Amino acid sequence: MADKTTEVRLAFLAALENVANADELEKLRVEYIGKKGYVTDLLKEMKSLSNEEKKTFGQAVNVLKNEVNEKIAEKREDLKKKEIELENSRMPEFDISMPANLERGSYHPITLVQRQCEEIFKSMGFTVEDYSEVVTDYECFEALNIPKDHPARDMQDTYYLDNGQLLKTHTSAAQNAIYKKYRDQLVNEGKPIKAIFPGRCFRNEATDACHENTFFQMEGVMVGKNISISNLIFFMKTMLSEVFRKDIKVRLRPGFFPFVEPGFELDISCLICGGEGCPSCKHSGWLELCPCGMIHPEVLKAGGIDPEEYTGFAFGLGLTRLAMMKYGVKDIRDLNSGSLKTLSQFTDDK
Ligand code: FA5
């Protein structure tokens, strides 16, 4: 009987060596430890054994079952790592001196990261919302706890239209409308609000390697009962590890925004210089990427949501900066240049 266990074990180890992907691994798992698997079948043979033999044989089969489980888990991790390495090696190296590839069109790198982020959040149950670029003062500031004379307005100067409307300075301008759109579902059906809204933003400010007057952000909000900072950190971590598919250094520090309390700045170690300091990160080694925090009660109230009953988090991801970091683009202005030399290099990525 002991021979049989050894036989099954050796056959399993040999088959495991040849497994090339997750589907094959799952097949092997079922073949060995599924209901009708070889290891499970061994137990059926116990009937013919004496009590003493049953004990030793049962133990041996259990040891084998545990080993098969462990080896399958190890292989799963291994395959995942290899898949990520392969994906990273396929990522286009950004090199502005390369000649333009005019044979085919290509997606803009910001579109690529935006779509990737959308997929990540959709898989976690978030809806993707669209919002206008021209908004009212109420949407962009007042509904976000920034009254007319608030000094925080100085941080976000923008372009105004004759009718008093303005080009939105941040995707947070859509928050109020999103709360109003989904509050009935939240209150009547107990369904948490989980939404992201990517969009173009505008600021009247001097440009440099990491600042543009026109750039993209992606806002995300989650509102429900007992939503806490842990939920916020979980979603931020998941998003970054899925986008970069490698270990990156992040830091969370306190940050002030009138529409969150408490508020944080989430920075990532600059991937252009490896954290040494360069023009892309204003020589600090860190890049401000995704401010976030717990939604201020006044903001929830303005959206028709009772802050005594519901809480939520919000974040404002700098999508353009994310594209810079992901593709190694040193100067943000290259992304708005319309230069085919720059943009055609992303043809091969989906
Ligand atoms: C805001 O815009 C807040 N609305 C973010 C927020 C949302 C905070 C929800 C809390 C809760 P900030 O001005 O820091 O914050 O911009 C957010 C991100 O947008 C920055 O970290 C950066 O990645 C990007 N960003 C801001 N200004 C520019 C710019 N001029 N050029 C390129 N990216 C920019």
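Report on the accompanying structure. (Residues numbered from 1 in each chain as written. Predicted model: local features only at pLDDT ≥ 70, side-chain atom pairs only at ≥ 80, totals over all residues. Heavy atoms only, no water.)

Position of Q185 relative to the elements: it lies in helix 7 (residues 175-189). Ignoring sequence-local partners within four residues, the contact set of Q185 consists of G190 and K191. (Helix = DSSP H or I, 4+ residues; strand = E, 2+ residues; numbered from the N terminus. Contact = heavy atoms within 4.5 Å.)

Turning next to the nonpolar core. Core analysis: the largest hydrophobic core is formed by 46 residues, its most contacted members being F121, F315 and L317. Breaking this core down by element, the ones donating at least two residues are helix 5 (109-123), strand 5 (214-224), helix 8 (229-244), strand 7 (260-269), strand 9 (292-295), strand 10 (311-318) and helix 10 (319-327). With seven residues, helix 8 is the largest single contributor of residues to this core. Setting aside anything within four residues of it in sequence, one finds L317 in contact with C117, F216, Q217, M218, M239, L289, C290 and L322. (Core = buried A, V, L, I, M, F, W, Y, C linked by side-chain atoms within 4.5 Å. Buried < 20%, exposed > 50% of the residue type's maximum accessible area, 1.4 Å probe, protein only.)

What follows is about the packing of aromatic side chains. For the structure shown, the criterion picks out eight aromatic pairs. Centre to centre, the rings of F235 and F313 are 5.8 Å apart; their planes meet at 40 degrees, and the pair counts as tilted. Of this pair, F235 sits in helix 8 while F313 sits in strand 10, and the two are 78 residues apart along the sequence. Like F235, the residue F313 is buried in the burial classification. Three or more aromatic residues joined by ring pairs make a cluster, and in this case those are F121, F126, F234, F235, F313 and F315. (Phe/Tyr/Trp six-rings, centres within 6.5 Å; stacked < 30°, edge-to-face > 60°.)

Here we come to the state of the cysteines. Linking two cysteines covalently via their sulfur atoms produces the bond known as a disulfide. The tally for this structure, following the rule as stated, stands at zero disulfides. A disulfide-free cysteine, C278 has its sulfur positioned 3.7 Å from the sulfur of C273, the nearest such atom. The structure places no disulfide on C290, whose sulfur is separated from the nearest cysteine sulfur, that of C292, by 5.4 Å. (Disulfide = S-S within 2.5 Å.)

Attention now moves to the site of the ligand. Close to the ligand lie 24 residues, the nearest being H170, S172, R203, E205 and E212. At 2.8 Å, a side-chain N or O of R203 approaches an oxygen atom of the ligand. At a separation of 3.1 Å, an oxygen atom of the ligand approaches a polar backbone atom of E288. Here the ligand, which alone exposes 670 Å², has 96% of that area covered by the protein. Of all the secondary structure elements, the ones that give two or more residues to the shell around the ligand are strand 5 and strand 10. Sorting elements by how many residues they give to the shell around the ligand places strand 10 first, with four residues. Counted by class, the shell around the ligand contains 11 nonpolar, seven polar and six charged residues. (Near = heavy atom within 4 Å. Polar contact = N/O pair within 3.5 Å; in protein donor to acceptor, adjacent residues only side chain to side chain. Areas by Shrake-Rupley, 256 points an atom, 1.4 Å probe, with all protein chains shown as cover. Nonpolar A, V, L, I, M, F, W, Y, C, P; charged D, E, K, R; others polar.)

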